[in-house]
Amino acid sequence: MEILKKCLLVAFLIGFQWTNAQDQKAIQDAFTKSYTLETNKKYSEAIDLLKGLGSENYPVQLRLGWLSYLAKKYPESVAFYKKASELMPAAIEPMQGMVNPLAAQSKWEDLEQNYLNILKIDSKNSLINFRLGQIYYNRKEYVKAEKYFSTSLNLYPFDYDSMLMSGWNYYFLGKYSEAKVLFNNVLLYSPADASAKEGLALIK
């Protein structure tokens with residue numbers, strides 16, 4: 001465990017390293033300018049400004065991933081986020097960033113794998129478990145969906161989305177008692193909720 005911690009620390013330092021104070025100042029100035037350009041929606045100019053600052057610099061690659069997404073350069077965005085992940089293998093930040101450009105390209109299988117990769121690092125990530133549950137629910141793979149919805153629901157038992165989606169997933173699994181409890185809990189959170197009322201009506 002101690003060796004692993006040391007390896008992660010080394011990776012962290014490499015990902016954030018600057019060779020000297022002059023380079024650090026140049027990067028800071030470039031980041032400052034890039035925020036102004038982003039505000040003015042000059043995404044391509046901001047990308048060009050940062051591109052030459054170092055392919056081995058984690059913050060640069062992460063920022064380029066975001067700016068490329070805003071510029072609708074989705075393959076480039078994914079590539080920058082992947083490079084950031086290579087520099088910081090224990091980070092979920094770039095993988096979460098990758099969600100937007102993958103979804104924009106309708107690359108659902110890649111998105112699914114990306115979520116699974118996040119859970120290898122952060123198995124109790126509520127949002128990612130919920131989104132995986134949604135993927136499987138939409139495919140009508142309710143047994144698979146249950147695993148991920150349940151994790152999210154156990155972490156946040158009174159979360160509206162987790163309760164409602166788990167309720168419907170249980171309904172389609174034929175687990176009506178569990179579904180009824182969750183739909184009733186949804187109505188505690190949102191008394192006029194049409195979806196929960198519909199679920200309860202179907203169970204009756």
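*Asks:* Tell me about helix α11 (residues 176-189), and please be specific about residues and values.
*Replies:* Under the 1.5 Å per step criterion, the end-to-end length of α11 is 20 Å for 14 residues, consistent within 8% with the ideal 20 Å. Those residues of α11 that fall on the buried side of the exposure criterion are A179, L182, F183, V186 and L187. All buried residues of α11 fall inside an arc of 145° around its axis, so they share one side. Exposed residues on α11 whose side chains face more than 90 degrees from its buried face are S177 and L188. Buried residues belonging to α11 abut α9 (142-155), α10 (160-173) and α12 (194-203).

*Asks:* Before we move on, could you go through the pattern of salt bridges and cite the residues and values that matter?
*Replies:* Side chains carrying opposite charge are able to pair once their charged atoms draw close together. Using the criterion set out here, one finds 7 salt bridges in the structure. Across the pair K83 and E86 runs a salt bridge whose closest N-O atoms are separated by 3.9 Å. Taken together, the residues span about one helical turn, with K83 and E86 both in helix α5 (residues 74-87) at a distance of 3 residues. Look at K83 and you get partly exposed, because its relative accessible area is 23%. Exposure remark for E86: the relative accessible area of 58% places this residue in the exposed category. Taking the shortest distance from any N to any O, the salt bridge between K175 and E146 comes out at 3.0 Å.

*Asks:* Lay out the packing of aromatic side chains with the relevant residues and their values.
*Replies:* The tally for this structure, following the rule as stated, stands at 16 aromatic pairs. Summarising the aromatic geometry, the rings of Y171 and Y176 are spaced 5.6 Å apart at their centres and angled 50° between planes, so their arrangement reads as tilted. Residue classification places Y176 among the partly exposed positions, given a relative accessible area of 43%. Here a set of aromatic residues connected by ring pairs shows up, and it is made of F130, Y137, Y142, F149, W168, Y171, F172, Y176 and F183.

*Asks:* Pulling in residues and values, what's your account of α12?
*Replies:* Among the residues of α12, A196, G199 and L200 are the ones counted as buried. Looking down the long axis of α12, one finds its buried residues gathered within 95° of arc, a one-sided arrangement. Set apart from the buried face of α12 by more than 90 degrees, the exposed residues are A194 and A201. The residue sitting at the N-terminus of α12 and contributing the capping side-chain oxygen is D193; that oxygen lies 3.2 Å from the backbone nitrogen of S195.

What counts and how
Residues numbered from 1 in each chain as written. Predicted model: local features only at pLDDT ≥ 70, side-chain atom pairs only at ≥ 80, totals over all residues. Heavy atoms only, no water. Helix = DSSP H or I, 4+ residues; strand = E, 2+ residues; numbered from the N terminus. Expected span 1.5 Å × (residues − 1). Buried < 20%, exposed > 50% of the residue type's maximum accessible area, 1.4 Å probe, protein only. Arc of directions from axis to C-beta. Contact = heavy atoms within 4.5 Å. Salt bridge = Lys/Arg side-chain N within 4 Å of Asp/Glu carboxyl O. Phe/Tyr/Trp six-rings, centres within 6.5 Å; stacked < 30°, edge-to-face > 60°. Polar contact = N/O pair within 3.5 Å; in protein donor to acceptor, adjacent residues only side chain to side chain.

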